[in-house]
Amino acid sequence: MERLHWVQHRCRQLLAGDSGRGGYSAPDGLPNKSSLDSHSSPQSCGGKRRTVLACHGPHQQEYQAVSKDCKSNAIHTTKYSLLTFIPMNLFQQFYRAANLYFLFLALLNWVPVVEAFQKEITMIPLLVVLTVIAIKDALEDYRHYLFDKKVNNNVVRVYCGKQKAYIEQCWKDVRVGDFIRLSCNEIIPADMLLLYSSDPRGVCYIETANLDGETNLKQRQVVSDLPLQGVEFTPESFHSRIECENPNNELSRFRGYMEHSSGVRVGLHNSNLLLRSCTIRNTETVVGIVVYAGHETKAMMNNSGPRYKRSQLEKRLNTDVLWCVLLLIVMCLTAAIGHGLWMKQLKHPVFLVDAETSPALAGFYVFWTMIIVLQVLIPISLYVSIEIVKLGQIYFIHNDLALYNEQLDSRIQCRALNITEDLGQIQYLFSDKTGTLTENKMVFRRCNIYGIEYPHDENARRLEVYEAERNEAAGHSVTLKSGCSGKSLSCRSLSCNRSSVSLHTLTAESEEEEDRLSNHIQPVTSAFYSRMAKEVVPDPELVRKLNWFRSPVLPMSGLSSGTPSSLELTYITDFFLALAICNSVVVSSPSQPRHVVPEARTPLKSLEEIKLIFQRFSFSPFSALSTLSPPQIRGSPRSFTSRLFARGKMGSFSMSPNSTVEGSEPGQHSNLETSNPRCKPDLSARVEEGDTEKVVDDLKSSQTDTNAEDITRDVDTESYTDDELLYEAESPDEAALVYAARAYRCTLRARSVESLLVDLPGIGSLTIQLLHILPFDSTRKRMSVVVRHPLTGQVVVYTKGADSVIMDLSEAPKGAEQAQEIYSHIREQTQKHLDSYAREGLRTLCFAKKVMEEEEYEFWLKRQLLAESSIENRDELLLESAQRLETNLTLLGSTGIVDRLQEEVPETIEALQRADIKFWVLTGDKQETAINIAYACKLLRPNDQLLTANCGSKDACAAILEELKLEVQRAEDGVTEQTAAGNREDSSLGCVSGFVLVIDGRTLDWALHEELKRDFLELSCRCRAVICCRSTPLQKSQVVRLIRDQLNVMTLAVGDGANDVSMIQVADVGIGISGQEGMQAVMSSDFAISRFKHLSKLLLVHGHWCYSRLANMILYFFYKNVMYVNLLFWYQFFCGFSGSVMTNSWVLIFFNLFFTSVPPLIYGVLDRDTPADTLMQLPELYQATQTSKVYVPFMFWITVLDAFYQSLVCFFVPYFAYAGSDIGELSFGSPINTSALLIILLHQVIESHTLTWIHALVLVLSGVFYFGFVLLFSMCCVTCSPPTSPVGVETLQMSQPLFYIVCVLTTVTALLPRLLFRALHGSLHTSAVRKAAQVDKVESEKYCRRMHRWNLSHSRANRLPVNTDNPSLETSTGSVVS
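Novice: Let's hear about the sheet that holds strand E1 (residues 49-52): which residues, and what values?
Specialist: Read from one edge to the other, the open sheet built from four strands follows the order E1-E8-E9-E10, with strand pairing classed as antiparallel. Both edges of this open sheet fall to E1 and strand E10 (265-268), since each of them pairs with a single strand only. For this sheet, the mean inter-axis angle between neighbouring strands, taken without regard to orientation, is 20°. With four bridges connecting them, E1 and strand E8 (residues 241-245) associate as antiparallel partners. Paired with valine 52 across the two strands is isoleucine 242, which belongs to E8.

Below, the structure written as structure tokens:
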């Protein structure tokens, strides 16, 4: 079916021609042609590249050649035009086999020899269905047309070569190669390369909320090395050629280069590209050149329309439709054979027959006639009814208040409209951990530097206080509301006076919402901001050590056991500097939305004073500063010094936030000493003997400033900045680390493309030259920044990443054996602390650094620039370049970050497990962290047996899987023996232990190999839960696919980040959580929720209801069609199998199309077999829908047999009642039709679990519509149903008492077995639902009796009695009623 949708999409494109029509790309799961090298529009370079030239440059002839095949910027998301609507809509509707089948029957009825009804009548059902769907499609397409028109007519300023100025043009008139000028708050009309920004640093900020839902600002930069960069951009002087990749849908990738007229090539990357539908923020003016327009933009190529998935119920339905086809063929063959035999035995007919036709040929004709007569057996309206019912179900899911998050103003999103019933059949649930089970609101908890752990006990107590306040305020655990509502508002600079019209290319947003955001006046906050993340309480011991940096004395070994060494201080300052700058955080504040690196000002200390401080600490690499020539310190000497220090405020460090001074490699200390390597190593410089006494005095005096109480007081009272800095981070852990650095006075104040402004304690503000950023990726699992140190002038690499990666990349420094011993001790202690953090459930990160020589850096830089300017294999070259840089690192320390569980996660997991849903956790975290979280969320119970699989080779993996299988088998055998011996004590207490498998990523790689798949599956199936640690996004999708395909079970995947997208798309049902990591998971999902706890209501209640409603409705459709068709079939035994019917053709056609079509819809939307509260309290009820007990093959056949029985009663009771009378065929058919209608409607009443006034109204209206129609028909229509005349038939029949007696007797006789079956089944097989209802009723009755006795015993004149009819009204007294 998905392939057919893709063929349809391509056909629409062909019909649309070159107009750029066909706005939908391939559905998920199909080869996306846009991502291939051969895109639909051939480019000048043939296959893999696109050449872009300025439209007003000197290369006009070449521009015309290369741009003629590029699409215009007009978008058309409509499927049809006025000319193509009828053919394309019919083409689309006849994809359905049912519509083709009924078209065939309608055409067949035009053949005279097999004609059953009037030719026009057989067209009515098909025309009604096609017309209703066509009207729906037309209205929807017209809505798209209006939206396209509004977007295409938006105005933008485009450079005009003739007028030598920017003029206003509509978006639809923009072409590739045009220069576009945008101002703040304007929306980008096409994908364009950034050539100019009014920001002096060449930076532009954009908001991508319309594209990917992320509210934090993204930074884009002008293409480097432009000839006219830094002055006002003039398009006439732009003569460069742009070579880039063909249009594709990868939002985070852009490859190409710009070739200047001089032949110099500059690499282009994603940070140079401004994407369509994003919004310019915090930048007054930008100019860019269009490289992709219209449907070739990345935004439009990601607009793939609705997701196409087929539910399991629909597959089962198709099977049963085939059985109906087979049943139809059998009935038609029976009629054909019967008619042939009847014709053969007919000697002297008393009525007109075609005696010239042979019995065999007459039987052949009757076969096709009966196909037409019994066509209702194949329910033409069933598929349309299912769509309507699903829309109704989605409406109620969407408006469920229990699934609404008031704090985020977020409700559930149903993105896949045709798999709601699959929510009721989930057997395996795969979940991410971070952001899915946890808040993904990171709070700095503790750290380890130089092998020494700083527990931050006050910080821990602070978190406990916040947690208590949160619980007290909300009554239960809820998410802390971020100050940022919906979109990042820090981007709305007061200096930008141009307003923007909200454009939502991917998701339409209401104008009211846009106005609400535009008029929002609350204080600005940043992404991932929270009070808990910001207010970090420093560790007193770490603050005391940092105070040594500002003290006028020299730290020495042997003076005091608490005195830090110079090497330790180097590590500490390096560590906090890495925390502050190794990120992509954008700095802003309420009064200044973006913080630029300001002009130079007088530093707090002169360069000589700072050099003296570093020399006193024996920072031996600093000595290189005095020997470096000016060219080696780029921009040196005094100009470098003046730029080095920028505006900042220096305060006493004695208390609050921010630390750090820059240090160097420990391996370069050749004259180091240590007193005891097992203690904290002390490598301080030697002090002259004459200064010793002074140093001791200074030490004593300085210690009085390090009292913990003073520290805390200063933190609370001292204001170190006029404006509160806000950090726009791409991930919550980045924000947490920057806030932690600020707590120690190492404050990131501003960021630009080429520099960072950082406050250092004891020094002031320093401008750090930013050379390169190597962003995080899932392959390397780390990120790095390359900077030029402002004090030493050296090139330094700071790296942060997963501990498993950083620990492997860090090596002992070359040099003295003593230094190597110290470093080994640091590694050992750091690993010990990392394991401790993981056991506490903290997220761990390691930090390291590397100092590069100038020659080494220049060599690496050449390769890096080559990789950046490459188009083919760019990603591979960049990865290789980054891996070459990130080697021989010096480990600085590690951090532990708290990521708390979301509210009600343990209860949700427990409920899902009680519903017999296997729960798997797929996470990239450490094994210890994952296990700790599993205990916290009660996935792991105290009596569970933990099975761990960690190995490094394929053979070892095979051996450990076999060993674990044997262990499980032995335990199961032991339980079996105990049960056989009658020892059921544990079972009765519910304390039966289970197995939980924990497997790491490396072992999982081996386990997914073909040879070990079966063993892994067998082991995991016998475990209650599975936890996969250190798993990559690819491994997550492989695990889901393995379970789905090999076990043939229904799978659900839930996640919140981009690394969960592949897993979500592979699963049968994908659920995205709109959390802290953007909207990639949501945009790839079938359903989107805001909290994990919503899963229980979504699956256990709505999933159960949707499945049971649809399953029962489908069975009901088959029942009513089979029942009514059999009435016509039984009549054939009395008319020579001639294909005649005992009713007029209008009633026959309208019976299923109108008279009985609406009640099943209400039944499918509103029926509730079990109350929501009961389903939540008894998750075991989910197993009924999970195992498809409602809709199984034998239920289909039971329904068919019941329909056969009721049709026999409905036909033969009137037959025997009127036997021997002289009534005509239409008079005989009247009570049969009436009885059939009553039986079918009352059958639904019996099957319904919920009866409301809506049900009653629809049932009454259906009956009134039937009686009104047949009465009007019998009074007015003379020639409507030739050759018979229905005039007066119904009025005569309904005036006779026998008609009503027959209808009542027929209805009761037909429905009595069904009614008795339901009563006996409910009595003999009491379900858990009924038991729960009885328990609730008994408890309610007991309560009423107790309250009644209480009222009698405490009755007084001045006291009102307690309402005994409402158990929810509790007595206000504390007395206990026995």
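Novice: How would you sum up unusual backbone geometry? Please name residues and give values.
Specialist: The phi dihedral of lysine 164 is positive, around 55°, even though this residue is not glycine. Following the sequence through the fold, lysine 164 ends up in the loop between strand E2 (155-160) and strand E3 (165-170). Judged by its relative accessible area of 54%, lysine 164 is exposed. Of note, asparagine 888 is a non-glycine position whose phi angle comes to about 55°, a positive value. Mapped onto the secondary structure, asparagine 888 falls in the loop between helix H25 (874-885) and strand E26 (890-898). A relative accessible area of 43% places asparagine 888 in the partly exposed class.

Novice: So, the sheet that holds strand E11 (residues 273-274): which residues are in play, and what are the values?
Specialist: Strand order in the open sheet made by the six strands is E3-E2-E4-E13-E5-E11, with antiparallel pairing throughout. With one partner strand each, in any of the chains shown, E3 and E11 form the two edges of the open sheet.

Novice: Describe the packing of helix H24 (residues 854-868) against H25, with residues and values.
Specialist: For any two helices packed against each other, one specifies the crossing angle of their axes together with the interaxial distance. Contact geometry for H24 and H25: axes closest at 8 Å, N-to-C directions at 160°. Between H24 and H25, the crossing angle belongs to the class labelled roughly antiparallel. Taken as a pair, H24 and H25 cross one another with a handedness that is left-handed. Only Arg874, Leu877, Leu878, Ser881, Arg884 and Leu885 of H25 make contact with H24, whose side of the interface consists of Trp860, Arg863, Gln864, Ala867 and Glu868. A per-class count over the contact of H24 with H25 returns five nonpolar, two polar and four charged.

Novice: Go over the nonpolar core, please, and point to the residues and values.
Specialist: In this structure, Leu317, Leu374, Phe1118 and Tyr1191 are the most contacted members of the largest nonpolar core, which totals 96 residues. Of all the elements, helix H35 (residues 1094-1132) adds the most residues to this core, at 19 residues. Every residue in contact with phenylalanine 1118, bar those within four places of it in the chain, is listed here: Leu317, Asp320, Val321, Cys324, Pro379, Leu382, Tyr1191 and Phe1196. The next biggest cluster of nonpolar side chains, apart from the first, holds 71 residues, and it includes Val536, Leu542, Ala736 and Leu892.

Novice: With reference to specific residues and values, describe H35.
Specialist: With 39 residues, H35 should reach 57 Å at 1.5 Å per residue; the first-to-last C-alpha distance of 56 Å fits that figure. Of all the bends in H35, the greatest measures close to 30° and is centred on histidine 1102. The buried fraction of H35 amounts to 39 of the 39 residues, a majority that puts the element mostly inside the structure.

Novice: Please give an account of the packing of helix H37 (residues 1158-1166) against helix H42 (residues 1253-1276) that cites residues and values.
Specialist: The contact between H37 and H42 brings their axes to 9 Å, and the two run at 170°. By the angle class used here, H37 and H42 are roughly antiparallel. Here Val1158, Pro1159, Ile1162 and Leu1166 of H37 come into contact with H42, specifically with Ile1254, His1255, Val1258, Leu1259 and Ser1262. Across the contact of H37 with H42, the residue classes break down as seven nonpolar, two polar and no charged.

Novice: An account of the pattern of salt bridges is needed here, citing residue identities and associated values.
Specialist: One pass over the structure, following the stated rule, counts 44 salt bridges. Residues glutamate 1180 and arginine 914 are paired through a salt bridge, measuring 3.0 Å at the closest nitrogen-oxygen approach. One end of the pair, glutamate 1180, is in the loop between helix H38 (1172-1177) and helix H39 (1182-1186); the other, arginine 914, is in helix H26 (residues 905-914), with 266 residues separating them in the sequence. Of the residues examined, arginine 914 reaches a relative accessible area of 34% and is grouped as partly exposed. When the shortest N-O distance is used, the salt bridge between aspartate 1202 and arginine 1314 registers 2.5 Å. With a gap of 112 residues between them, aspartate 1202 in helix H40 (residues 1193-1217) and arginine 1314 in helix H44 (residues 1297-1324) connect regions that are remote in the sequence. Take aspartate 1202 and arginine 1314: they sit in the same class, and that class is buried. Counted as one network, the salt bridges with shared partners bring together Glu962, Lys965, Glu972, Asp1015, Glu1018 and Arg1022.

Novice: Let's hear about the confidence of the model for the protein: which residues, and what values?
Specialist: Detail in the predicted coordinates should be disregarded across regions flagged by low pLDDT. Of all residues in the protein, 72% have pLDDT values of 70 or greater, and the mean over the chain is 75. Per-element averaging of pLDDT across the protein places helix H18 (residues 638-644) at the bottom with 30 and strand E24 (residues 795-801) at the top with 95. Below pLDDT 50 for its whole length, residues 474-527 participates in 121 contacts with residues either more than four positions away or in separate chains.

Novice: Can you break down the packing of aromatic side chains residue by residue, with the values?
Specialist: In total, this model carries 53 aromatic pairs according to the counting rule given. Here tryptophan 1130 and phenylalanine 1133 contribute two aromatic rings whose centre-to-centre distance is 6.3 Å and whose plane-to-plane angle is 35°, an arrangement assigned as tilted. Take tryptophan 1130: its relative accessible area is 12%, and that puts it in the buried class. With a centroid separation of 5.0 Å and 85° between ring planes, the pair formed by phenylalanine 1150 and phenylalanine 1154 is classed as edge-to-face. Separated by four residues within a single helix, phenylalanine 1150 and phenylalanine 1154 lie in helix H36 (residues 1145-1155), roughly one turn from each other. Members of the aromatic cluster, connected to one another through ring pairs, are Trp1146, Phe1150, Phe1154, Phe1155, Phe1265, Tyr1266, Phe1267 and Phe1269.

Novice: Account for the side chain of threonine 438, naming residues and giving values.
Specialist: Counting through the fold element by element, threonine 438 comes out in the loop between strand E15 (428-431) and strand E16 (443-449). Residue classification places threonine 438 among the buried residues on the basis of a relative accessible area of 0%. In this structure threonine 438 touches Lys433, Asp899, Arg900, Leu901, Gln902 and Ile933, once residues within four positions along its chain are discounted.

Novice: Before we move on, can you summarise the pairing of E16 with the specific residues and values?
Specialist: Among the seven residues of E16, seven are classified as buried, and the element is accordingly described as predominantly covered. Looking at chain direction, E16 and E26 are connected through six bridges and run antiparallel. Its bridge partner lying in E26, arginine 446 is registered against glycine 896. Summarising the sheet, E16 and strand E17 (residues 452-454) pair through three bridges and their orientation is antiparallel. What sits directly across from asparagine 448, in E17, is glutamate 453. As consecutive antiparallel partners, E16 and E17 are separated by two residues, and within that stretch tyrosine 450 has a phi angle of approximately 60°, a positive value.

Rules behind the numbers
- Residues numbered from 1 in each chain as written.
- Predicted model: local features only at pLDDT ≥ 70, side-chain atom pairs only at ≥ 80, totals over all residues.
- Heavy atoms only, no water.
- Pairing = 2+ DSSP bridges.
- Helix = DSSP H or I, 4+ residues; strand = E, 2+ residues; numbered from the N terminus.
- Axes fitted to C-alpha atoms, helices over the stretch in contact; angles between N-to-C directions.
- Buried < 20%, exposed > 50% of the residue type's maximum accessible area, 1.4 Å probe, protein only.
- Parallel < 35°, antiparallel > 145°, perpendicular 65-115°, else oblique.
- Left-handed = near helix turned anticlockwise from the far one by under 90°.
- Contact = heavy atoms within 4.5 Å.
- Nonpolar A, V, L, I, M, F, W, Y, C, P; charged D, E, K, R; others polar.
- Core = buried A, V, L, I, M, F, W, Y, C linked by side-chain atoms within 4.5 Å.
- Expected span 1.5 Å × (residues − 1).
- Bend = angle between axes of the 7 residues up to and from the residue.
- Salt bridge = Lys/Arg side-chain N within 4 Å of Asp/Glu carboxyl O.
- pLDDT = per-residue confidence, 0-100.
- Phe/Tyr/Trp six-rings, centres within 6.5 Å; stacked < 30°, edge-to-face > 60°.

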